[in-house]
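Coordinate analysis (summary)
Single-letter residue listing:
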There are 2 protein chains.
Amino acid sequence: MGADRTGHRKQAPARVSAPPREAPADVRPRRPALAHVVATRLEEEIVLGRRHPRERLIEQELCGQFGTHRGDVRIALFELEKKGLIERVRNRGAMVRDLTPKEVTEIYAVREELEVMAARILPFPVAGADLARLEALQKKHGAAIDAGDMLGVFYANLHFHQALFGLCGNACLIETIEQAAQKVYGIRSYANASPQVLERARRDHVDMIKAVRAGRREELVALTRRHLKPQPEAYIRAYQRRFGSAMGGESE
Amino acid sequence: MGADRTGHRKQAPARVSAPPREAPADVRPRRPALAHVVATRLEEEIVLGRRHPRERLIEQELCGQFGTHRGDVRIALFELEKKGLIERVRNRGAMVRDLTPKEVTEIYAVREELEVMAARILPFPVAGADLARLEALQKKHGAAIDAGDMLGVFYANLHFHQALFGLCGNACLIETIEQAAQKVYGIRSYANASPQVLERARRDHVDMIKAVRAGRREELVALTRRHLKPQPEAYIRAYQRRFGSAMGGESE
DNA sequence: CAAATGCGGATTGTATACAATCTGGAAAAC
DNA sequence: GTTTTCCAGATTGTATACAATCCGCATTTG
């Protein structure tokens, strides 16, 4: 089968007719790619601390747990590798990645830049419905903290930030913010172990909503920066407790 | 046709895992994941315009072209999908993505933010060896432009920017810059079709080196912004010529 | 003659078998 | 007793066969 494939050729019918529709109302119940489901669920498990750093991820094992075949698991692992959540060595398999303090610091520097950018281009004023949604998500977040429900905390926090930055209108920026955040999913459990950090996050969210409502952009920017600060610090403290504080910011 | 006799050997001395002889420049049989090689080479082909937007990418066909099995090709396609270079629809396959002007504008906004960040944190002064490398790469870029060698232009440009931003020292930022750049690989051929754009890029590179050498940060930042500007504009012009200029600033 | 419909080929999704390679430890050699 | 060698198990990498799905076309039907 060279380049023939008769009967199927029309690769580009969109000549001068219509611009490519980016969001076809294709709301058909098309099952999502199974591999992505596996990747997503693995992400969740890593976030929740159910998979510890340096834990091995065996393909066959995951097949059983997610009820699928190795092909999909394999794709999911490659995806998570590219996301930076796991590490893969040829012929040896995959393991949950263990980030060094230096890497964490660098990632958070990028996150700050991106999220501040979102805060800067976010068009004011924000619609009332959006504000209401932010408040609802914030309430959920607070409730989860009070209940000690780490899973709930994670998701409520995630959704709050998605909603907030989603207001900026730049899809690529939203996606990039998300990707950067995913890189440190694996260490969230360290940061969230401290109740003070959680409390502070809760207060930050309240203040952010206030700033958004009032259209005080610089305040929102400052809050965004401050909000990100405690997390790498908490991780680094935990890291040093684990390995001894001999290492400040060595090996890249 | 029956291009599946990729690795069918039975009596080979089990020494060198004997990759299929049509294996590309990959001399080391045990280094990189084969799937990533396929993904990289597909990226290249898209950049060079050998794969046009909306062109279909058939797994079996790619197997023959890259001399591997569908498993690897499949992983490569998933990877390129997540990178934003291609689009996949379940049970229907993959095609080279066709970006709308809005998407391109958004991507370039993010690129600007990230590259400016790199310029800002780049530690001065820059070592002489690094400056020499930048100049060598710039020369290569200019030579490729003069020769009309688009492949050479692409790689020289890529390497120049990698070297420049690589000086910033933040691995995550470097990677994020790279990812954002990859999203618009598919439209590079449009921008590079114009000789003026290429000429300007060449001059920009020269000026950037000067600014780096002199340690003039603000100048470098300004150049970085200016350098990115013509590309989305060129694409949008080409897009409007293709589909009619009925759509200047649609949705949003 | 227009519209609905069913068929055949092409392509992806799924499953499984097999080969290559790595890890760890036991046995052998010194 | 220490080091080396080699084997066995485990795990990933590779190949291929089969099923599910989709697309275009021809046939049928009103």
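The structure displayed is predicted, hence computed values, not measured ones.

Glancing now at the overall build of chain A. Each helix and strand counted, chain A has eleven helices and three strands in total. For chain A, the succession of helices and strands along the chain, N to C, is α-β-α-α-β-β-α-α-α-α-α-α-α-α. Evaluated residue by residue, chain A yields a buried proportion of 33% over its 252 residues. A separation of at least 24 residues holds for 73% of the contacts in chain A among residues at least 6 apart in sequence.

A:Ala76 and B:Ala76 are the most contacted members of the largest nonpolar core, which totals 118 residues. Other than its neighbours up to four places away in sequence, B:Ala76 contacts B:Ala35, B:Val38, B:Ala39 and B:Leu42.

Time to look at the packing of helix α3 (residues 70-83) of chain A against helix α3 (residues 70-83) of chain B. Interhelical geometry of α3(A) versus α3(B) gives an angle of 40° and a closest axis separation of 10 Å. As the angle between them shows, α3(A) and α3(B) are arranged oblique. Both α3(A) and α3(B) take part in a crossing whose hand is right-handed. Every residue of α3(B) that contacts α3(A) at A:Gly71, A:Arg74, A:Ile75, A:Phe78, A:Glu79 and A:Lys82 is listed here: B:Gly71, B:Arg74, B:Ile75, B:Phe78, B:Glu79 and B:Lys82.

A regular strand places its side chains so that they alternate between the two faces of the sheet. Sheet analysis places strand β2 (residues 86-89) of chain A next to strand β3 (residues 93-96) of chain A, joined by four bridges and oriented antiparallel. Pairing of A:Val89 across the sheet is with A:Gly93, part of β3(A).

Here we come to the domain arrangement of chain A. Residue and element names in this part refer to chain A. For chain A, the domain assignment lists domain 1 (34-96) and domain 2 (101-243). For domain 1 and domain 2, the distance between their C-alpha centres works out to 25 Å. In this assembly, ten residues from domain 1 lie in contact with ten residues from domain 2. Ranked by the residues each element gives to the side of domain 1 that touches domain 2, the list is headed by helix α1 (residues 34-47), at three residues. Considering only residue class, the side of domain 1 that touches domain 2 consists of six nonpolar, two polar and two charged.

This part takes up the sheet that holds strand β1 (residues 56-57) of chain B. All names here are of chain B. One open sheet holds the three strands; their spatial order is β1-β3-β2, and the pairing between them is antiparallel. Looking at which strands have only one partner, the edges of the open sheet turn out to be β1 and β2 (86-89). Bridge count between β1 and strand β3 (residues 93-96): two bridges; the pairing is antiparallel. In the sheet register, Arg-56 faces β3, and the bridge partner there is Met-95. Each of β1, β2 and β3 is contacted by α3, which is oriented at about 115° to β2, the strand it contacts most.

Definitions and cut-offs
- Residues numbered from 1 in each chain as written.
- Chains lettered and ligands numbered in written order.
- Predicted model: local features only at pLDDT ≥ 70, side-chain atom pairs only at ≥ 80, totals over all residues.
- Helix = DSSP H or I, 4+ residues; strand = E, 2+ residues; numbered from the N terminus.
- Buried ≥ 20, exposed ≤ 12 C-beta atoms within 10 Å, placed from the backbone.
- Contact = placed C-beta atoms within 7 Å.
- Core = buried A, V, L, I, M, F, W, Y, C linked by C-beta atoms within 7 Å.
- Axes fitted to C-alpha atoms, helices over the stretch in contact; angles between N-to-C directions.
- Parallel < 35°, antiparallel > 145°, perpendicular 65-115°, else oblique.
- Left-handed = near helix turned anticlockwise from the far one by under 90°.
- Pairing = 2+ DSSP bridges.
- Domains from an automatic or database assignment.
- Nonpolar A, V, L, I, M, F, W, Y, C, P; charged D, E, K, R; others polar.

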